[in-house]
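# Tertiary structure, described
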Amino acid sequence: MKDILDAIMASESTAADFAALSLPESYRAITVHKDEAGMFEGVDSRAKDPRKSLHLDEVPVPELGPGEALVAVMASSVNYNSVWTSIFEPVSTFGFLERYGRLSPLTKRHDLPYHVIGSDLSGVVLRTGPGVNLWKPGDEVVAHCLSVELESADGHDDTMLDPEQRIWGFETNFGGLAEIALVKSNQLMPKPRHLSWEEAAAPGLVNSTAYRQLVSRNGAGMKQGDNVLIWGASGGLGSYATQFALAGGANPICVVSSPQKAEICRRMGAEAIIDRTAENYRFWKDEHTQDPKEWKRLGKRIRELTDGEDVDIVFEHPGRETFGASVYVTRKGGTIVTCASTSGYNHEYDNRYLWMSLKRIVGSHFANYREAWEANRLIAKGKIHPTLSKTYRLEETGQAAHDVHRNVHQGKVGVLALAPEEGLGVRDAELRARHIDAINRFRNV
Ligand SMILES: NC(=O)c1ccc[n+]([C@@H]2O[C@H](COP(=O)([O-])OP(=O)(O)OC[C@H]3O[C@@H](n4cnc5c(N)ncnc54)[C@H](OP(=O)(O)O)[C@@H]3O)[C@@H](O)[C@H]2O)c1
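Description of the structure in this document. (Residues numbered from 1 in each chain as written. Predicted model: local features only at pLDDT ≥ 70, side-chain atom pairs only at ≥ 80, totals over all residues. Heavy atoms only, no water.)

### Brief notes about the site of the ligand
Neighbouring the ligand are 25 residues; S257, R276, T342, F366 and H409 lie closest to it. Between the ligand and the protein, one listed contact pairs an oxygen atom with a side-chain N or O atom of R276 at 2.7 Å. At 2.7 Å from an oxygen atom of the ligand is found a main-chain nitrogen or oxygen belonging to F366. Isolated, the ligand exposes 910 Å² of accessible area, and the fraction of that covered by the protein chains is 90%. Where the shell around the ligand is concerned, the elements lending two or more residues are α4 (80-86), α7 (204-215), α8 (236-247) and α11 (320-329). When residues of the shell around the ligand are assigned to their parent elements, the largest contribution, three residues, is made by α7. For the shell around the ligand, the per-class residue count stands at ten nonpolar, twelve polar and three charged. (Near = heavy atom within 4 Å. Polar contact = N/O pair within 3.5 Å; in protein donor to acceptor, adjacent residues only side chain to side chain. Areas by Shrake-Rupley, 256 points an atom, 1.4 Å probe, with all protein chains shown as cover. Helix = DSSP H or I, 4+ residues; strand = E, 2+ residues; numbered from the N terminus. Nonpolar A, V, L, I, M, F, W, Y, C, P; charged D, E, K, R; others polar.)

Right, here's the structure in full:
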């Protein structure tokens, strides 16, 4: 592994140098273990501790197949799916690996008693499989997390509709929280040159998801002037949704839960901010009964911030806790676009407010190939910025996932894999200098 790192750190290394490097037999990776999938049975969700279930293991380098690439991972990040995997909720991810393994002898490689997790990476291509022409050893890349087979026509227009669509590093093995990762070459995209390894890795999954959910015609199709209610506006998804709203001429109404998070939204340029803790919204009277008076109180507060207007779009992901309120506060003809259910997936809302006011609920999930490419392009051009607040070493991934699970983080949490320290990998200092304040705005809050 030292030779690989030396080649990456030496600026004069060529594609031939990388191709000549011998691959190690094994690498360090963050895993969950199949025989521990029941370890949290009977424990309350919030008390399930990723530090107990995430391991740093030495695992064999997987065999490289056609259309695939092995990448030396310099940095990765923690996503909420890392949390779901580590607490084995809503289901153990080993079921995904078993199902994928039944597809073909090649996918059988993924069905193992350990799962290498992680759905983001920045790094350097080490090897490519047969049929890969665009990428070569030595290319500096990031990878998006859409894994598809594309054998069925269903996914030929929108690759997210492929019946074999999976999230790499969550529903497949050999993910990015490791020193080496296996990806399909179609996941590769150029690394933004003005960013360090950890900054380049951080946006991946959430940035692409927020792009489809908010900007793309497949999601809400946001337009200039739209009022957009963004739950968790300083969190992983929300920190990109807020930037897309501002960059697209819309008006984000940012919901957060502390003055520090409100300050971060202000730093991004948002003006309309609601602190849900300070204003103490209680959308549920008890476990079974919602309180429409609280929906109305939220709607009134939004109107105070928008000169009397209602929201065109709600950027939803908390789910059960907020969904009734989200449907209520959306304007006539508006859109509630949802990609998750962090607080519970059995949503309840009053349907009269939906049909009588001709609102739409749109389901959205990650992003298709093209949307992921567009989202990364905006990062590379310095139009949208990483929201990295803190970086951990690979061996500290359990702690990083624990922080995200307890909602004590800001924006995105990075993880160094092969990169020995933060700040390496910047190739365009001039573009970086132009955006340095924006790149650092989630740090030290
Ligand atoms: N379908 C997809 O492709 C996709 C992609 C990415 C993520 N997701 C899912 O989306 C969810 C959020 O992911 P993320 O990366 O943004 O996580 P995150 O970094 O934890 O941010 C989520 C934010 O939502 C807010 N929040 C959490 N619970 C809430 C509640 N009960 N009521 C109101 N606000 C609440 C919190 O902000 P405040 O405390 O400041 O309000 C939190 O910071 C996760 O469930 C994740 O698995 C889905």
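Anyway, onward from the coordinates.
### Remarks on the pattern of salt bridges
Taken as a whole, this structure holds 32 salt bridges when the rule is applied. Residue E140 is joined to R427 by a salt bridge in which the shortest nitrogen-to-oxygen separation is 2.8 Å. Placement of E140 in strand β6 (residues 140-143) and of R427 in the loop between β20 (412-416) and α15 (429-439) is noted, with a sequence separation of 287 residues between them. What makes E140 partly exposed here is its relative accessible area of 26%. Here D158 makes a salt bridge to R212, at a shortest N to O gap of 2.8 Å. You can see D158 sitting in the loop between β7 (146-147) and β8 (166-167) and its partner R212 sitting in helix α7, a full 54 residues away along the chain. Both residues of the pair, D158 and R212, count as buried. (Salt bridge = Lys/Arg side-chain N within 4 Å of Asp/Glu carboxyl O. Buried < 20%, exposed > 50% of the residue type's maximum accessible area, 1.4 Å probe, protein only.)

### With respect to helix α14 (residues 397-405)
Burial analysis of α14 places eight of its nine residues in the buried class, which makes it a mostly covered element. Of the residues making up α14, those classed as buried are T397, G398, A400, A401, H402, D403, V404 and H405. As for α14, its buried residues are in contact with β1 (26-33), α3 (50-53), β3 (68-78), α4, β19 (388-393) and β20. N407 lies just past α14 and shows a positive phi near 60°. (Contact = heavy atoms within 4.5 Å.)

### Points about the sheet that holds strand β11 (residues 227-230)
Taken together, the six strands give an open sheet; going across it, the order is β13-β12-β11-β16-β17-β18, and neighbouring strands pair in parallel fashion. Whereas interior strands pair on both sides, the edge strands pair on one side only; in this sheet they are β13 (272-275) and β18 (360-363). On average, each strand axis in the sheet is tilted by 20° relative to the strand beside it, whichever way the strands run. In this sheet, β18 lies alongside strand β17 (residues 330-338) in parallel orientation, the contact comprising four bridges. Across the sheet, I336 pairs through a bridge with I361, a residue of β18. Of the strands in this sheet, β11, β12 (251-256), β13 and β16 (311-316) are in contact with helix α10 (residues 292-305), which crosses β13 at around 150°. (Pairing = 2+ DSSP bridges. Axes fitted to C-alpha atoms, helices over the stretch in contact; angles between N-to-C directions.)

### Regarding the environment of L150
Mapped onto the secondary structure, L150 falls in the loop between β7 and β8. The spatial distance from the C-alpha of L150 to the C-alpha of L161 is 9.2 Å, given a sequence separation of eleven residues.

### Some details on the packing of aromatic side chains
Counting across every chain of the model gives ten aromatic pairs. Judged by centre distance (6.4 Å) and plane angle (85°), the rings of W295 and Y353 are edge-to-face. You can see W295 sitting in helix α10 and its partner Y353 sitting in helix α12 (residues 352-355), a full 58 residues away along the chain. For Y353, a relative accessible area of 27% gives the class partly exposed. Through pairs of rings, three or more aromatic residues link up here, namely W231, Y281 and F283. (Phe/Tyr/Trp six-rings, centres within 6.5 Å; stacked < 30°, edge-to-face > 60°.)

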